[in-house]
Amino acid sequence: MRFHGTYRLADYTYVMKTKLTVTVDEGLVPKAKRYARERNRSLSSVIEESLRSITQKTEPTFSEQWGGKLTVHPKDDERFRQLAKKYL
């Protein structure tokens, strides 16, 4: 039987892990292993951190991205009058 999730026992937290098979460019594997080794980490931990990072990022909403950056031109603006004449 397989268990997935996080378990807490006394002062220790245990995270259940699962295996994942991925296919990547052959030349990338040695570079990734070297990267992990130089940082005294396992390749699995580097990949897990990367996956955790990209899945936690959220795109800003339209209002968060553009709020306060757009200005309304006054109606006496020549461009407004031309556009109003054409489209209204």
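Each chain carries its own residue numbering, running from 1 in the written order of its sequence. At least 70 in pLDDT is required for a residue's local features to be given in this predicted model, at least 80 for side-chain atom pairs to be given and counted, and no such filter applies to totals for whole chains, interfaces and linings, which use all residues. Just so you know, side-chain values use all the structure's heavy atoms and leave hydrogens and water out.

Undergrad: Break down the overall build of the protein for me, with residues and values.
TA: Helix numbering and strand numbering both begin at the N terminus, where a helix is a DSSP run of H or I of at least 4 residues and a strand a DSSP run of E of at least 2. Looking only at helices and strands, the protein features four helices and two strands. Per-residue accessibility, obtained with a 1.4 Å probe over protein chains only, is compared with the maximum for each type, and a residue is labelled buried under 20%, exposed over 50%, and partly exposed between these values. The buried share among the 88 residues of the protein stands at 5%. Accessible surface, the protein: about 9,000 Å² in total, of which carbon and sulfur atoms supply 57%. The Shrake-Rupley method, run with a 1.4 Å probe, gives the accessible areas here. Residue values count only the displayed protein chains as cover.

Undergrad: Could you give an account of a positive patch on the surface, with specific residues and numbers?
TA: Each patch is built from residues that are more than 30% exposed by relative accessible area and take part in no salt bridge. Like charges join if they lie within 9 Å; nonpolar side chains (Val, Leu, Ile, Met, Phe, Trp, Tyr) join within 5 Å. Here, a salt bridge means any Lys or Arg side-chain nitrogen found within 4 Å of an Asp or Glu carboxyl oxygen. This count recognises Lys and Arg as positive and Asp and Glu as negative, with His and chain-terminal groups excluded. Throughout, a charge is located at the NZ atom of Lys, the CZ atom of Arg, the CG atom of Asp or the CD atom of Glu. Together, Lys-31, Lys-33, Arg-34 and Arg-37 make up a positively charged patch on the protein surface. Mapping Arg-37 onto the fold places it in helix 1 (residues 28-38).

Undergrad: Mind laying out the pattern of salt bridges, listing which residues take part and the relevant values?
TA: Applying the stated rule across the entire model yields six salt bridges. Residues joined by salt bridges that share partners form a network here, namely Lys-17, Glu-48 and Arg-52.

Undergrad: So what's going on with unusual backbone geometry? Which residues, and what values?
TA: Peptide bonds are, in most cases, trans, and in most cases residues other than glycine have a negative phi. Its identity as a non-glycine residue notwithstanding, Asn-40 has a phi of 55°, on the positive side. The residue Asn-40 is located in the loop between helix 1 and helix 2 (43-56) in this model.

Undergrad: Give a description of a nonpolar patch on the surface that names residues and reports values.
TA: A contiguous nonpolar patch, built from Leu-20, Val-22, Val-24, Leu-28, Val-29, Ile-47, Leu-51 and Ile-54 and spanning about 710 Å² of accessible area, is present on the exposed surface. Elements with a minimum of two residues in the nonpolar patch: helix 1 and helix 2. The leading source of residues in the nonpolar patch is helix 2, at three residues.

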